[in-house]
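Fold and contact review
The residues making up each chain are set out below.
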Amino acid sequence: MLAMIPFPDISPELFSVELFGMEFALRWYALAYIVGIVIGWRMAVMAVNRPRLWPGGTAPMTAEQVDDLLTWVILGVILGGRLGFVLFYRPEYYLQNPGEILMVWQGGMAFHGGLLGVAIAAGLWCWRNGVAPLSAADVMAFATPPALLLGRIANFINAELWGRPTDLPWGVVFPGAAAQACGQPVGELCARHPSQLYEAALEGLILGLVLIWLVWRRGGFRRPGFVTGVFLAGYGLGRFLVEFVRQPDPQFVSEGNPLGLAWHVGGWGLTMGQILSLPMLLGGLALAVWAVRRGRPAAA
């Protein structure tokens, strides 16, 4: 029997209580976003409270303005993430069931949609408050990886968004009929790539450490747009690579397209995640190069 790792017995819920005939539960997924947002908020406040990190020794916003921006960002994440999932992944279903679009507790959220939602919300906030958009984007990019790290770990705990079948020794036996439907012989278990943990490492831990190093050691904030460009390129590259081992969304899988490619010719193509990540990768690289060429960092 091939080596494989059994899925840990972790409940998706930390605890649940019943009030007035209704059950309320705190789930790891919700806690991950709450803790991730709090950590990101504190990182942003810490950054704007260090004038030496910024061009001319002046931060683009105050700590109080970070608090205000956070509200806009949260709205952008929720609305953009949900609408992105609806439009990018299941448009036909939601055209037939429009009443379920706002049911965020059913279905899912899309990171790329959330990113667009944050960009629009933050752009409006910057315009209303007279804050330089690129510097505000740098603050948000710098503070985002903790939420990505914790969110992907929560995906793993929820046993969702798992990877393709694998015979590698760190393959995980995820529970559920869908996860075990790998075409294996009767009675044998199916191990899959823990792609959630791959993404947690690439998009959260490694990218977060790179951004911290660039900001605190290399003066990343002194070149407006540079940190944002590195974040976009880093996330785009990480997600693009993980898509090769991530199980595609079922609506893209068919008898003639077992890999679930959203665009393909002659058996070669890209998944929807790769299609959405490629512009991030290329655009992020272009933005980072432009920011560097724009000029030398100002004196602290």
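In the block above lies the structure referred to throughout.
So, here's what we can say about the structure. On a predicted model such as this, the values are computed, not experimentally measured, just so you know.

Now for the state of the cysteines. Going through the model one piece at a time under the given rule, you end up with one disulfide. Each disulfide pairs two cysteine sulfurs, and for cysteine 182 the partner residue is cysteine 190, the sulfurs being separated by 1.8 Å. Classification of the bridge connecting cysteine 182 and cysteine 190 rests on its S-S torsion, roughly -75°, and on that basis the disulfide is left-handed.

Taken as a whole, this structure holds six salt bridges when the rule is applied. The salt bridge partner of arginine 152 is glutamate 199, with a shortest N-O separation of 3.2 Å. Of this pair, arginine 152 sits in helix 6 (residues 145-157) while glutamate 199 sits in helix 7 (residues 195-217), and the two are 47 residues apart along the sequence. The same class applies to arginine 152 as to glutamate 199, namely buried. Ionic pairing is found between arginine 246 and glutamate 199, a salt bridge with its closest N-O pair at 2.9 Å. On the criterion of sequence distance, the pair formed by arginine 246 in the loop between helix 8 (226-242) and strand 5 (263-265) and glutamate 199 in helix 7 is long-range, its members being 47 residues apart. With a relative accessible area of 1%, glutamate 199 lands in the buried category.

A few words now on helix 2 (residues 63-88). Look at helix 2: 35 Å from first C-alpha to last across 26 residues, which is about the 38 Å you get at 1.5 Å a residue. Buried within helix 2 we find Ala63, Val66, Leu69, Val73, Gly76, Gly80, Gly81, Arg82, Gly84, Phe85 and Val86. At its buried positions, helix 2 is contacted by helix 1 (28-48), helix 3 (91-96), helix 4 (111-129) and helix 5 (133-143).

Using the criterion set out here, one finds six aromatic pairs in the structure. Aromatic side chains phenylalanine 156 and phenylalanine 174 sit 5.7 Å apart centroid to centroid with 75° between the ring planes, which places their arrangement in the edge-to-face category. Highlighted residues: phenylalanine 156 in helix 6 and phenylalanine 174 in the loop between strand 4 (172-173) and helix 7, separated in sequence by 18 residues. Across this residue pair, the class does not change: phenylalanine 156 and phenylalanine 174 are buried. Here the aromatic cluster, defined as three or more aromatic residues joined through ring pairs, consists of Phe7, Phe156 and Phe174.

Bringing a nonpolar patch on the surface into the picture now. Residues Ile74, Leu75, Val77, Ile78, Leu79 and Met109 make up a contiguous nonpolar surface patch of roughly 480 Å² in combined accessible area. Within the element layout of this structure, isoleucine 74 appears in helix 2.

Take unusual backbone geometry next. A positive phi is found at alanine 159, a non-glycine position, where the angle reads about 55°. Mapped onto the elements of the fold, alanine 159 is located in the loop between helix 6 and strand 4. Among the residues examined, alanine 159 registers a relative accessible area of 17% and is labelled buried. With a phi angle near 55°, leucine 161 is a residue other than glycine that sits in the positive phi range. Assignment of secondary structure puts leucine 161 in the loop between helix 6 and strand 4.

It is worth spelling out the packing of helix 1 against helix 2 at this point. Relative orientation of the contacting elements helix 1 and helix 2 amounts to 145°, with a least axis distance of 9 Å. Here helix 1 and helix 2 pass one another in a crossing that is right-handed. Here Ile37, Trp41, Ala44, Val45 and Val48 of helix 1 come into contact with helix 2, specifically with Ala63, Val66, Asp67, Leu70 and Ile74. In terms of residue class, the contact of helix 1 with helix 2 is made up of nine nonpolar, no polar and one charged.

The subject of this paragraph is the nonpolar core. Within the largest apolar cluster, 38 residues are counted, with the highest numbers of intra-cluster contacts made by Met61, Phe142, Leu211 and Phe221. Counting only elements with at least two residues in this core, the list comes to helix 1, helix 2, helix 4, helix 5, helix 7, helix 8 and helix 9 (272-294). Not counting residues up to four positions away in its chain, the partners in contact with methionine 61 are Val48, Val66, Leu69, Trp125, Val131, Ala136 and Val139. Formed by eight residues, the second largest nonpolar core is a distinct cluster that contains Val86, Ala110, Phe252 and Met272.

Turning our attention to the side chain of threonine 228. By the secondary structure assignment, threonine 228 is in helix 8. Classification of threonine 228 by relative accessible area gives buried; the value is 11%. A polar contact is formed between the side chain of threonine 228 and the side chain of aspartate 138, at a distance of 2.6 Å. With near-sequence residues (within four places) excluded, threonine 228 lies in contact with Leu134, Ala137, Asp138, Ala141 and Leu287.

Scoring rules and cut-offs
- Residues numbered from 1 in each chain as written.
- Predicted model: local features only at pLDDT ≥ 70, side-chain atom pairs only at ≥ 80, totals over all residues.
- Heavy atoms only, no water.
- Disulfide = S-S within 2.5 Å.
- Salt bridge = Lys/Arg side-chain N within 4 Å of Asp/Glu carboxyl O.
- Helix = DSSP H or I, 4+ residues; strand = E, 2+ residues; numbered from the N terminus.
- Buried < 20%, exposed > 50% of the residue type's maximum accessible area, 1.4 Å probe, protein only.
- Expected span 1.5 Å × (residues − 1).
- Contact = heavy atoms within 4.5 Å.
- Phe/Tyr/Trp six-rings, centres within 6.5 Å; stacked < 30°, edge-to-face > 60°.
- Patch = residues over 30% accessible without salt bridge, like charges linked within 9 Å, V, L, I, M, F, W, Y side chains within 5 Å.
- Areas by Shrake-Rupley, 256 points an atom, 1.4 Å probe, with all protein chains shown as cover.
- Axes fitted to C-alpha atoms, helices over the stretch in contact; angles between N-to-C directions.
- Left-handed = near helix turned anticlockwise from the far one by under 90°.
- Nonpolar A, V, L, I, M, F, W, Y, C, P; charged D, E, K, R; others polar.
- Core = buried A, V, L, I, M, F, W, Y, C linked by side-chain atoms within 4.5 Å.
- Polar contact = N/O pair within 3.5 Å; in protein donor to acceptor, adjacent residues only side chain to side chain.

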